[in-house]
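# Descriptive structure summary
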Amino acid sequence: MSDILTSEERKELPDSVYGLPERREYPMPDAAHVRAAEAYFRYCPEDLKPKLARAILQRAQDYGVDVESPTILSYAQQ
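Okay, so let's go over this structure. Think of each chain on its own: its residues are numbered from 1, step by step along the sequence as written. Confidence filtering applies because this is a predicted model: local features only for residues at pLDDT of at least 70, side-chain atom pairs given and counted only at 80 or more, and all residues used for totals across whole chains, interfaces and linings. The side-chain values count all of the structure's non-hydrogen atoms but skip hydrogen atoms and water molecules.

## A word on the side chain of H33
Only runs of H or I of at least four residues qualify as helices and only runs of E of at least two qualify as strands under DSSP, and these elements are numbered from the N terminus. As for its position among the elements, H33 is in helix α2 (residues 31–39). In this structure H33 comes out as buried when scored by relative accessible area, which is 5%. In the analysis that follows, any N or O atom pair within 3.5 Å is treated as a polar contact, provided that within protein one partner can donate a hydrogen and the other can accept it, and provided that, for residues neighboring in sequence, both atoms belong to side chains. In this structure the side chain of H33 is engaged in a polar contact, spanning 2.7 Å, whose partner is the side chain of D30. Exposed residues in this analysis have more than 50% of their type's maximum accessible area, buried residues have under 20%, and partly exposed residues fall in between, with area computed by a 1.4 Å probe over protein chains only.

## Considerations on the environment of E25
You can see E25 is positioned in strand β2 (residues 25–27). For the pair E25 and R10, spaced 15 residues apart in sequence, the C-alpha to C-alpha distance is 9.6 Å.

## Re the nonpolar core
What makes a nonpolar core is a set of buried Ala, Val, Leu, Ile, Met, Phe, Trp, Tyr and Cys residues whose side-chain atoms join them at distances within 4.5 Å. Among the nonpolar cores identified, the biggest contains 19 residues, and F41, L52 and I56 are the most heavily contacted of them. Per-element tally for this core: the top contributor is helix α3 (residues 49–63), with five residues. Contacts: residue pairs with any heavy atoms within 4.5 Å of one another. Once residues within four sequence positions are removed from consideration, L52 is found in contact with G19, L20, Y26, F41 and C44.

Structural data, given as structure tokens:
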């Protein structure tokens, strides 16, 4: 899978790989996309940031990605 998902590829992904499954935003089917979700975290609506931060950390753990962002780590504690 490339770093860029086509709309068709996104449609085929299960809700469980999305950081915000109810909105189907921030897909994280692999390590590259976990890093992308981390990079785009600042664009997440404020009220959803704690949920997304926890999802990023969970998926990062699944793929062996080190998340060092103090912002994400802070929101994950909320």
